[in-house]
Amino acid sequence: MVPMKFNTPSLARQSGAILLTVLIVMTMMIVLIATASSIMSNRISLAYEAKEQLSKKALVQSKINELTYLAATQRFTTAGLSTGQNTDKLVQSDGQWRFRTTGDELRIDGFEYSEAVDGKERSKLSFVLQSENGLIPLNTASDFWLTQWLDGYNIAQSQRQKYIDTLHDYIDADSTPRAAGAERDSYQHVTMMDLPTNYFIQDCAELALMPHWRELAVEYPSLLQECSTEYLSSLNINAVPPALLKRLWPDKAGQILIKRSAGDWLNSIEDLSLIVNDLDLNNELLYRFAANSSLIITVRFDGYTETRSVDFGVGLEKPFTLKVASVFAN
């Protein structure tokens, strides 16, 4: 009998090929599983982040709605927004409030409040109320506070007029430039937008679109936080935020802030003149000491911030109207 011969090298090659194929398939499966795991992990992470962001948004908006309702239903005093807790001071006689303040007010001068969330001290929500008539009014023909404001930014007297004329050209109804102002020809090579609007400013950020103001806003970003779209030329001294107060009266702001901290609020121009002794008393209507019907509400929580500007109605008007909503999230 002839013994059988095995082709050992050929069998080894076949086994090697099979082993290589198995290794390739296993590697592909491992890569696919790892990729799928990574995709799932990313999706879970995104879903978690979305849930967290939604939770932050809901918390912030809930606080904004609470403060809006409070402002629409409670009383504004020289000290701020009454919370309605001190009912003894919420007494009227012949349609007039018997007490100037209620002692339970939330300040409306940009003061920042904070409160724990779910009883956790590490997890705090903060909010700021700012009366719009405590900021520099832009939509007015008067340049009194505008001049004071620019002076606070060390703008030379010889240069102030170009800022004032440019602003007034932006909001007036005609297209005739003032002596130091800017109308359509000055905007042609700056933006594709149809500027100037020849209408009231809707948001202080529009200052950054104007010649001269653009450079000033870049140099001083705080500028856009210190103005308002108010139509009246008066300023509520009790609601001027500290930084702006120091800009208007560098030497006297400290005294006013000390009085605020002690709950001692100004009630008249005579009270103010005891501190600022160079007031123009002939322009008494330029000074106010209580809020009007506009409030800026800012709420922050864990890197998420929303700001709303609210107009409150009087009498048969709508209780409130939301004007601007800004959102910031980290």
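Residues numbered from 1 in each chain as written. Predicted model: local features only at pLDDT ≥ 70, side-chain atom pairs only at ≥ 80, totals over all residues. Heavy atoms only, no water.

Colleague: Help me understand the packing of aromatic side chains, please; the structure alone is not making it clear to me.
Modeller: When we look at a pair of aromatic rings, we describe it by the centre distance and by the angle of the planes. Summed over all chains, the structure comprises 14 aromatic pairs. Seen from their ring centres, Y153 and Y220 are 4.9 Å apart, and the 55 degrees between their planes marks the pair as tilted. Taken as a pair, Y153 in the loop between α2 (144-152) and α3 (157-171) and Y220 in the loop between α4 (213-219) and β8 (227-228) lie far apart in primary sequence, 67 residues in all. Residue classification places Y153 among the buried residues on the basis of a relative accessible area of 2%. Measuring from centroid to centroid gives 5.4 Å for Y163 and W213, while their planes differ by 80 degrees, and the two rings are edge-to-face. Of the two residues, Y163 sits in helix α3 while W213 sits in helix α4, which places them 50 residues apart along the sequence. Accessibility classification places Y163 together with W213 in one group, the buried group. Grouping aromatic residues by their ring pairs yields a cluster made of W149, Y153, Y163, W213 and Y220. Just above the ring of F99 sits the side chain of K89; from NZ or CZ to the centre is 5.3 Å. (Phe/Tyr/Trp six-rings, centres within 6.5 Å; stacked < 30°, edge-to-face > 60°. Helix = DSSP H or I, 4+ residues; strand = E, 2+ residues; numbered from the N terminus. Buried < 20%, exposed > 50% of the residue type's maximum accessible area, 1.4 Å probe, protein only. Lys NZ or Arg CZ within 6 Å of the ring centre and 35° of its normal.)

Colleague: Please clarify how the packing of α2 against α3 should be interpreted in this entry.
Modeller: When two helices pack together, their arrangement is captured by the angle between the axes and the distance separating the axes. Between α2 and α3, the least distance of the axes is 10 Å, while the angle of their chain directions is 135 degrees. Of the possible angle classes, the one that applies to α2 and α3 is oblique. Read as a crossing pair, α2 and α3 show a hand that is right-handed. Note on element contacts: α3 touches α2 through R160, Y163, I164 and L167, opposite L146, T147, L150 and D151. For the contact of α2 with α3, a count of residues per class yields five nonpolar, one polar and two charged. (Axes fitted to C-alpha atoms, helices over the stretch in contact; angles between N-to-C directions. Parallel < 35°, antiparallel > 145°, perpendicular 65-115°, else oblique. Left-handed = near helix turned anticlockwise from the far one by under 90°. Contact = heavy atoms within 4.5 Å. Nonpolar A, V, L, I, M, F, W, Y, C, P; charged D, E, K, R; others polar.)

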